[in-house]
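Structural overview
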Amino acid sequence: MFKKIFAITSILILFACGGGSSAEATVVNIGSLGAEMKFDVEEFTVKSGSKVKVVMKNNTPSDFMGAMLHNVVILKDESAAPMIIQLAEGNGGEPYADGRILAMTPLADKQEETFIEFTAPSKPGRYLYVCTYIAHAGSMRGYMIVE
């Protein structure tokens, strides 16, 4: 009987202290501004080492003429942006796996949504994010602020 009470009490204490669940991810929603080549969020803040989920919604109307794909690519080092963007544009807008990329969503077509989950860097700072679809990175950019 004592073992049963001890086990139940231990489980209750564990859940009360939060030991029974993992940390929830901070969800950041980033969308495109309609058919414009701009993000609707140009800056967001997360805690260092926290779990982050970036949800990217391509808000381009489905009846928009022509291709209009979008993604979110967060860079570890802003100085790598020109090369990563150039390589992605030569690959139809899809970035190549690169150690200088912190996180990236897949390209999303009109009215599609995509996401990526990752751990924020432990180093505080400003981390550039861009859309790497052809000719979008000049105006589709923002910063993830890590505190």
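Definitions and cut-offs
- Residues numbered from 1 in each chain as written.
- Predicted model: local features only at pLDDT ≥ 70, side-chain atom pairs only at ≥ 80, totals over all residues.
- Heavy atoms only, no water.
- Buried < 20%, exposed > 50% of the residue type's maximum accessible area, 1.4 Å probe, protein only.
- Helix = DSSP H or I, 4+ residues; strand = E, 2+ residues; numbered from the N terminus.
- Pairing = 2+ DSSP bridges.
- Phe/Tyr/Trp six-rings, centres within 6.5 Å; stacked < 30°, edge-to-face > 60°.
- Lys NZ or Arg CZ within 6 Å of the ring centre and 35° of its normal.

**Side note on the pairing of strand S2 (residues 43-46)**
What you see with S2 is a clean split: Phe-44 and Val-46 sit on the buried side and Glu-43 and Thr-45 on the side with no burial. Examined bridge by bridge, S2 and strand S8 (residues 141-146) share 4 bridges and lie parallel to one another. When the sheet's bridge partners are listed, Glu-43 is paired in S8 with Tyr-143.

**Topic: the packing of aromatic side chains**
Enumeration over the complete set of coordinates arrives at 2 aromatic pairs. With centroids separated by 5.5 Å and ring planes inclined at 55 degrees, the aromatic side chains of Phe-39 and Tyr-129 adopt a geometry described as tilted. Of this pair, Phe-39 sits in the loop between strand S1 (26-31) and S2 while Tyr-129 sits in strand S7 (residues 125-130), and the two are 90 residues apart along the sequence. Considering the side-chain rings of Phe-44 and Tyr-129, the 5.6 Å spacing of their centres and the 40 degrees angle between planes classify their relative orientation as tilted. Residue Phe-44 is found in strand S2, and its partner Tyr-129 is found in strand S7; the two are separated by 85 residues along the sequence. Take Phe-44: its relative accessible area is 8%, and that puts it in the buried class. When its relative accessible area of 0% is taken as the criterion, Tyr-129 is described as buried. One aromatic cluster in this structure is built from Phe-39, Phe-44 and Tyr-129. A cation sits over an aromatic face here: Lys-53 above Phe-115, 4.5 Å from the ring centre.

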